[in-house]
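# Understanding the architecture of this molecule
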Amino acid sequence: MTFGIYFILILSLFYFLKPSTSFALLLSDRALYSLALSLLAATIATAMSVGIGLPTAYALSRYNFFGKEFIDTFLELPMVASPAALGAMLLIFFNNPIGSWINSHVNFVFTVTGVVLAQFITTLGIATRLIKTVIDEIPTRYENVARSLGATPLKAFTKVTLPLSRKGIISASILTWAKAFGEFGATITLAGSMPGNTETLPIAVFMRLSAADIEGTVIMILILIGIGLGLLYFYKMFAKRFPYA
Amino acid sequence: MLETINLSTRIQNFYLNNISISVPENSIHVILGPSGSGKTVLLETIAGFNFNVKNLSGQIKLNGTDITNFPAEKRNFSYVPQDLALFPHLNVEDNIFFSHKIKNPYNIVSDTNNFINKEFVTVLANNIGVISLFKRNINSLSGGERQRVALVRALATGNRHLLLDEPFNGLHPGMRKELWFLLKEMQEKYKLTIIMITHDLEEAFFLGDFISVLIDGQIEQSESKQKARIPKTLAVAKLYGLKNIFNAKIDKSSGMSIINIPELKICFSEKQLQFSYNEIGDKNRHENKVFKIGIRSEDIILYDPENTEAIKKINPEILDMPTLKGKITSYFEKDHSALILFKPDNANVFIEAELVYHKARKLYTEVNKLASLAIDTKYIFPIFV
């Protein structure tokens, strides 16, 4: 049923495709730039989110400290605030004195760096939440035993907890990547929608639709879901074959 | 000597209250207690996993050195948790050599010490019978194999102190017994000092040189195995499953100290006891102070009243013992003994006797059979409430 609904939605896209012009559109500089930007920005944003999310998630999972619940609640900020609101918050930040000082050194507003930042901010909370769930699942006893076998806390983490959670962290990264790849609201608010500069695939979908370019929209949507679903499917196959890889 | 001095802590709902135990080198100290008594918390605290908890007080000492604030990896105690926590992403060999790879990640063989250790582990693995499992996956091992691998991994560190949390749980009795012998053998061979948790009485008495009973976060009694057989408090008596507990009081009206057991309507002189009245903790020797006494069911003598002469010949001491006439009300055969419930004619209580079952079968032929019971006062002990 679920599959049917989604499948019909995808199938209906092909109604507007004309093979002759579709390939030209697909291979146009503007479309290829959007694709490259989307892939690159999502990858950098994911690396940052997971890189910062991992230690945060570990601390939240393993230690009790003052204000833990408070910090934990804040992970939900990107979910509670709509993407546009998040983008607006970023824009506002870069207009206060500290923000403008930062922006005068590294320009975030209406730039590619802004695209990465917007995607990073929207995915950080989710990445942390997903990784925390993974680490919560691994009993502390494994680390404790590693410690009693002579490992320092860092070694216990890198030799035991990390390998045991690798699969979960990869799947968290892929979901984070997919989320960043499809990010729209915060990106367009902070980085704008300049073709050949800050136009990612989801933004291109919106821009082409607002220009009544249905065929272009369809092509962009197909690339977007093709990459997203393809990646997830590839990962599922991979995870099945190597349980502890 | 590994000792804890007035160790107290609280972790979630588990409390430890002034725990003082001492474990001489080269011995096994068993912590016996019901589930939820705080046994695991105690072991983890000794292992050093809870040392940064704010509400930890007291000391842990190893040969006089205070190690209370040492991190776990500096204590050199090998900890084996209840589920063993074998690392599922490593095979048997990598599990066993985990401590070696941690300390010597590039496996530099020029380090003679390490070379000897590798040899040592191989010999150890051979002794414990896991060498053939080296390339196996953890998930493919049986329960007994896992226990052995966990034991080798713990010993491969070179640590001489082991902390074992119910290590033989969930194994069938034959395998348990086999591993008990193995653990004893390893303990003697490598001069190990072991603290071990269990809730199994047989296991505790088989393995322990010393036994501490932990109930509700408190040590109820802590002493050598021989002394530990006798429960000192009511809580321990209940944990041991002791049935024969009766109120008693001292009556000195006749000039002699007479112990009176009102529930059984019997009395005997204080001289017949193996403990003195002082042990009951009443230094002022209050008249008529009520206390409890207990006797283990295997120390109860049951005999056929129609055959009194014969039993007196075999066991002449019986003449000095308080005796009761009554009936056998229930009979249960266990795996290697039989439990008999006896009701005295003139009292409304039951006394439990445990006999090897060929003797029990001779005595028991039907419910309500008449029987006589003698209480060997040597085996009576006081119980503090």
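In this text, all values refer to a predicted model and were calculated from it rather than measured experimentally.

### Side note on the overall build of chain A
For chain A, the count of helices and strands is 13 helices and zero strands. Of the regular secondary structure in chain A, the N- to C-terminal order runs α-α-α-α-α-α-α-α-α-α-α-α-α. Expressed as lengths along the three principal axes of its C-alpha atoms, the size of chain A is roughly 65 × 50 × 30 Å. Per-residue burial for chain A yields a buried fraction of 42% across its 245 residues. Long-range pairs, those at least 24 residues apart, make up 75% of the contacts in chain A between residues at least 6 apart in sequence. About 12800 Å² of surface is accessible on chain A, with carbon and sulfur atoms providing 74% of the total. Averaging the positions of the 17 positive and the 11 negative side-chain charges in chain A gives two centres separated by 11 Å.

### A few points about the sheet that holds strand β7 (residues 161-165) of chain B
Residues and elements named next belong to chain B. Spatial strand order, β6-β7-β8-β3-β9-β10: six strands in an open sheet with mixed pairing. If you trace the sheet from one side to the other, it starts and ends with β6 (77-80) and β10 (218-224), each paired once. When strand polarity is set aside, the average angle formed by the axes of neighbouring strands in this sheet is 15°. Relative to strand β9 (residues 210-215), strand β3 (residues 28-32) is paired through four bridges, and the arrangement is parallel. Each bridged residue has a counterpart across the sheet, and for V30 the counterpart in β9 is I211. Contacts from helix α7 (residues 173-189) reach β3, β7 and β8 (193-198), with the element oriented near 155° to β8.

### Observations concerning unusual backbone geometry
Unusually for a residue other than glycine, L84 of chain B sits at a positive phi of about 70°. Within the element layout of this structure, L84 of chain B appears in the loop between β6 and α3 (92-96).

### A few points about the domain arrangement of chain B
The extent of an interface is frequently quoted as the accessible surface area lost upon association of the parts. Considered domain by domain, chain B is made up of domain 1 (2-231), domain 2 (239-294) and domain 3 (297-376). The straight-line distance from the C-alpha centre of domain 1 of chain B to that of domain 3 of chain B is 43 Å.

### Examining the pairing of strand β17 (residues 338-344) of chain B
All names here are of chain B. Counting buried residues in β17 gives five out of seven residues, a clear majority hidden from the surface. Bridge count for strand β16 (residues 323-333) against β17 is seven bridges, and the pairing is antiparallel. The residue bridging S330 from the neighbouring strand is L341, located in β17. Here five bridges tie β17 to strand β18 (residues 351-355), and the two strands are oriented antiparallel to one another. By the bridge assignment for β18, F342 is matched with I351. The loop that links β17 with its antiparallel partner β18 comprises six residues.

### Considerations on the sheet that holds strand β20 (residues 381-383) of chain B
Residues and elements named next belong to chain B. With antiparallel pairing, the five strands of this open sheet are ordered in space as β13-β12-β11-β14-β20. Each having just a single partner strand, β13 (266-269) and β20 make up the two edges of the open sheet. For this sheet the average axis-to-axis angle between neighbouring strands, irrespective of direction, equals 40°. Where strand β12 (residues 258-261) meets β13, four bridges bridge the pair, whose relative direction is antiparallel. Residue pairing for β13: N260 is matched across the bridge by C267.

### Details of the interface of chain B and chain A
Counting residues at the interface gives 23 residues for chain B and 18 residues for chain A. Across the chain B/chain A interface, buried area totals approximately 1900 Å², and carbon plus sulfur atoms make up 67% of it. Across the chain B-chain A interface, the total number found is two salt bridges. Here chain B is connected to chain A by five residue pairs in polar contact (both at pLDDT 80 or more). Of all the secondary structure elements, the ones that give two or more residues to the side of chain B that touches chain A are α2 (72-75), β6, α4 (98-103) and α6 (143-156) of chain B. With four residues, the single largest contributor to the side of chain B that touches chain A is α4 of chain B. Partitioning the side of chain B that touches chain A into residue classes produces 13 nonpolar, six polar and four charged.

So, how was this worked out
- Residues numbered from 1 in each chain as written.
- Chains lettered and ligands numbered in written order.
- Predicted model: local features only at pLDDT ≥ 70, side-chain atom pairs only at ≥ 80, totals over all residues.
- Heavy atoms only, no water.
- Helix = DSSP H or I, 4+ residues; strand = E, 2+ residues; numbered from the N terminus.
- Buried < 20%, exposed > 50% of the residue type's maximum accessible area, 1.4 Å probe, protein only.
- Contact = heavy atoms within 4.5 Å.
- Areas by Shrake-Rupley, 256 points an atom, 1.4 Å probe, with all protein chains shown as cover.
- Lys, Arg positive; Asp, Glu negative; His and termini not counted.
- Charge placed at Lys NZ, Arg CZ, Asp CG, Glu CD.
- Pairing = 2+ DSSP bridges.
- Axes fitted to C-alpha atoms, helices over the stretch in contact; angles between N-to-C directions.
- Domains from an automatic or database assignment.
- Buried area = accessible area lost by both parts, 1.4 Å probe.
- Salt bridge = Lys/Arg side-chain N within 4 Å of Asp/Glu carboxyl O.
- Polar contact = N/O pair within 3.5 Å; in protein donor to acceptor, adjacent residues only side chain to side chain.
- Nonpolar A, V, L, I, M, F, W, Y, C, P; charged D, E, K, R; others polar.

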